[in-house]
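# Architecture and fold: a report
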Amino acid sequence: MNPITEPQGRSWSSMEEFEAFLDNGGLVEPRDTMPDAYRHEVFKFIEMHANSELMGGLTERDYIPRAPGMQRKLGTLAKTQDEIGHAHLLYMVAADLGVKTRNEMLDDLYAGKSKFHNVFHYRVDTWGDQVAIAYLIDAAALSTQQAVFKNCSYGPYKRILKRIISEEGFHMRQGEEMVMRLAEGTPRQHAMFQESLDRWWWPAMHFFGPPSKPNDLLLRWHIKSASNEELRDKYVQKFVPLLHGYGFTIPDPDLRQDSETGRWVIGEIDWEPLKDTQRNVGPDSARRIATARSGWDDAAWVREALDTAAAKIEAA
Amino acid sequence: MRTDTLCAEVEAAVSAVSDPEFPGVSIAELGMVERVSVEGTTARVELVPTFLGCPALDTIRRDVAASVAAVAGIDRVEVEFVDGPVWTPVRVTAAGRRKLADGFTVAVRSEQKIICPVCGSGRVEERSAFGPTACRAVAYCEDCRNPVEVMRQ
């Protein structure tokens, strides 16, 4: 995928030809004339990813002053910059698709008209919640991003994912260290993470999304490479033993290990909370969107000052 | 064992450590290793941080200590981030520059210009002084329309 050697500005005479190109592992580049339906589908996906990085970065930011100790503060600070930086890169790629400008995407997000990941619609009340996000949610995000990266058909997105994945890997390491500290800490620390696990386990399950439909365009056009259930199941197989190993209880009374296959089977998922977050009416959606909007509004004078300066330089 | 042989082994152990945020790119390739010395069974590693506030420093310190401690003949490892010299992107080795380019990151400008690591174009516009980390800025290639990251001086 690097460097680009093929000529730019390709076009395809039919959807069949375009899909055959994708099925052969072809990478679509911005100068190509791609089918409009594909352009919109890719745009929607990247826009949601960008929104989620931004809202995730703001969650992280809230914990900079509250993180215990200098090392954790530095870690939280850096993670905030990572997420906002990822959002910045993703908005560039999304805007380039010509569906919405960057400002239109931000306006829609702050007006509550756009989607962002379910996990950022909940309250983050304790350091335990923050650790649960770093450990459970970042791992879920990393696994879905890796699955997209593997087979992604849109060149600029695939390139950014490569970098995002490297950085999320570093977050994962920090998350593991933090959870270990609580797991091996005082009974109060252990209990704090257990309470957070009780709150975050099901949102983590929801994170992967409802069962993929057989005609899912994201799968067909090589944006996703694995179905939502496959990724959720892989995650469950990894995290159930890890959490048990730390001495934590997973808040699923129907969780069981299949005696023949040894695989972990979770109970039935209640999808109502996910639907609420998708309509921006989750437990903390309104406050989160309002906080993000007020940050944007408060910085309006900075943008105006920069625009004025840029116009003066251009005129000179 | 002779000290210089041991020192070479310690150097190799230090060089084997990857940057936590650039898997596959070693801290030696990034130009972070200033000096490695061995006295008796004590190894001393002096590192130059890319940025003082870098949150990965603690992780790098531990990774280096663990890697060097595994060298036979070493009992004690001292890892220190030194005050000087100051790191600049020029310290990134040729191999490091190639590997960063594979990750769409430009280590060093060529004659003040950013050459796009994706398509080779020189029409790259700087967009933001900071990217996802304190050590990287964000630019955009007008030709292939890919975002590109640039190590900050």
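Residues numbered from 1 in each chain as written. Chains lettered and ligands numbered in written order. Predicted model: local features only at pLDDT ≥ 70, side-chain atom pairs only at ≥ 80, totals over all residues.

### Focus on the overall build of chain B
So the rule is basically this: Starting at the N terminus, helices and strands are each numbered in turn, a helix being any DSSP run of H or I of at least four residues and a strand any DSSP run of E of at least two. Once C-beta atoms are placed from the backbone, each residue is buried if 20 or more other C-beta atoms lie within 10 Å of its own, exposed if 12 or fewer, and partly exposed for counts between those two. Each residue gets a C-beta atom placed from its backbone, and two residues are in contact if those atoms lie within 7 Å.
Across its full length, chain B holds three helices and nine strands. In sequence order, chain B lays out its α and β elements as α-β-β-β-β-α-β-α-β-β-β-β. Its C-alpha atoms give chain B principal-axis dimensions of about 55 × 25 × 25 Å. When the 153 residues of chain B are sorted by exposure, 42% land in the buried category. For chain B, restricting intrachain contacts to residue pairs at least 6 apart in sequence, the fraction spanning at least 24 positions comes to 53%.

### Here we look at the interface of chain A and chain B
Spelled out, the test is: For this scheme, ten residues count as nonpolar: Ala, Val, Leu, Ile, Met, Phe, Trp, Tyr, Cys and Pro. Four count as charged, namely Asp, Glu, Lys and Arg, and the remainder, Gly too, count as polar.
Counting from both sides, the interface comprises 31 residues of chain A and, opposite them, 26 residues of chain B. Elements supplying a minimum of two residues to the side of chain A that touches chain B: α3 (70–96) and α6 (155–183) of chain A. The leading source of residues in the side of chain A that touches chain B is α3 of chain A, at 14 residues. Per-class residue counts for the side of chain A that touches chain B are twelve nonpolar, ten polar and nine charged.

### Looking at the sheet that holds strand β4 (residues 42–47) of chain B
Residue and element names in this part refer to chain B. What counts, and what does not: At least two bridges found by DSSP between two strands are what make those strands a pair. Axis definition: a line fit to C-alpha positions, over the contact stretch in the case of helices; interaxial angles, taken between N-to-C directions, run 0 to 180 degrees.
One open sheet accounts for three strands, arranged β3-β4-β5; its pairing is mixed. At either margin of the open sheet sits one strand with a lone partner, and together these are β3 (33–39) and β5 (76–81). On average, adjacent strands in this sheet sit at an angle of 15° to one another, irrespective of strand direction. Bridge analysis of β3 against β4 gives six bridges, and the strand direction is antiparallel. When the sheet's bridge partners are listed, R35 is paired in β4 with E46.

### Some words on the nonpolar core
Side chains of a nonpolar character, in soluble globular proteins, are inclined to be buried together. This is how it is decided: In this description, a nonpolar core means buried residues of the types Ala, Val, Leu, Ile, Met, Phe, Trp, Tyr and Cys, linked to one another by C-beta atoms lying within 7 Å.
One finds I46, L90, A94, I137 and A140 of chain A together with V14 and V148 of chain B to be the most contacted residues of the largest nonpolar core, which totals 108 residues. For V148 of chain B, the residues in contact, after removing those within four places along its chain, are F104, V106, I114, C116, P117, V118, V124, A139, Y140 and C141 of chain B.

### What about helix α9 (residues 228–245) of chain A?
Residue and element names in this part refer to chain A. Under the convention used in this document: What a helix should span is 1.5 Å times the count of its residues minus one.
Along its 18 residues, α9 runs 26 Å from first to last C-alpha, staying within 8% of the 26 Å computed at 1.5 Å per residue. All of the buried residues along α9 are N228, L231, R232, Y235, V236 and L243. Of the surrounding elements, those touching the buried residues of α9 are α5 (127–151), α7 (187–207) and β2 (264–265). Phi for G247, located one or two positions after α9, is positive at around 85°.

### Quick look at unusual backbone geometry
In this structure, P85 of chain B follows G84 of chain B across a cis peptide bond, with omega equal to 0°. With respect to the helices, strands and loops of the structure, P85 of chain B is situated in the loop between β5 and α3 (94–102). Unlike most non-glycine residues, N280 of chain A shows phi in positive territory, near 60°. By the secondary structure assignment, N280 of chain A is in the loop between α10 (272–278) and α11 (285–298).

### Looking at the pairing of strand β8 (residues 136–141) of chain B
Residues and elements named next belong to chain B. Examined bridge by bridge, strand β7 (residues 124–128) and β8 share four bridges and lie antiparallel to one another. If you follow E125 over to β8, its bridge partner there is Y140. Where β8 lies against strand β9 (residues 147–151), five bridges are found, and the strand directions are antiparallel. Bridge pairing links V138 to E149 in β9.

### Here's the deal with the confidence of the model for chain B
Detailed reading of the predicted model is not advised wherever pLDDT is low. Spelled out, the test is: Confidence of the predictor at the level of single residues is given by pLDDT, which spans 0 to 100.
Summary statistics for chain B give a mean pLDDT of 91 and a share of 99% for residues scoring 70 or more. Complex prediction metrics read pTM 0.92 and ipTM 0.87.

### Some remarks on the packing of α5 of chain A against α9 of chain A
All names here are of chain A. The line we're drawing: Roughly parallel means an angle under 35 degrees; roughly antiparallel means over 145; roughly perpendicular covers 65 to 115; every other angle is labelled oblique. The sense of a crossing depends on the near helix, which, turned anticlockwise from the far helix by less than a right angle, makes the crossing left-handed and, turned clockwise, makes it right-handed.
Where α5 meets α9, the closest approach of the two axes is 10 Å, and the angle between their N-to-C directions is 135°. Taken together, the axis directions place α5 and α9 in an arrangement best described as oblique. The crossing of α5 and α9 is right-handed. Along its contact with α5, which presents A140, S143, T144 and A147, the element α9 presents L231, K234 and Y235. Looking at the contact of α5 with α9 residue by residue, the class counts come to four nonpolar, two polar and one charged.

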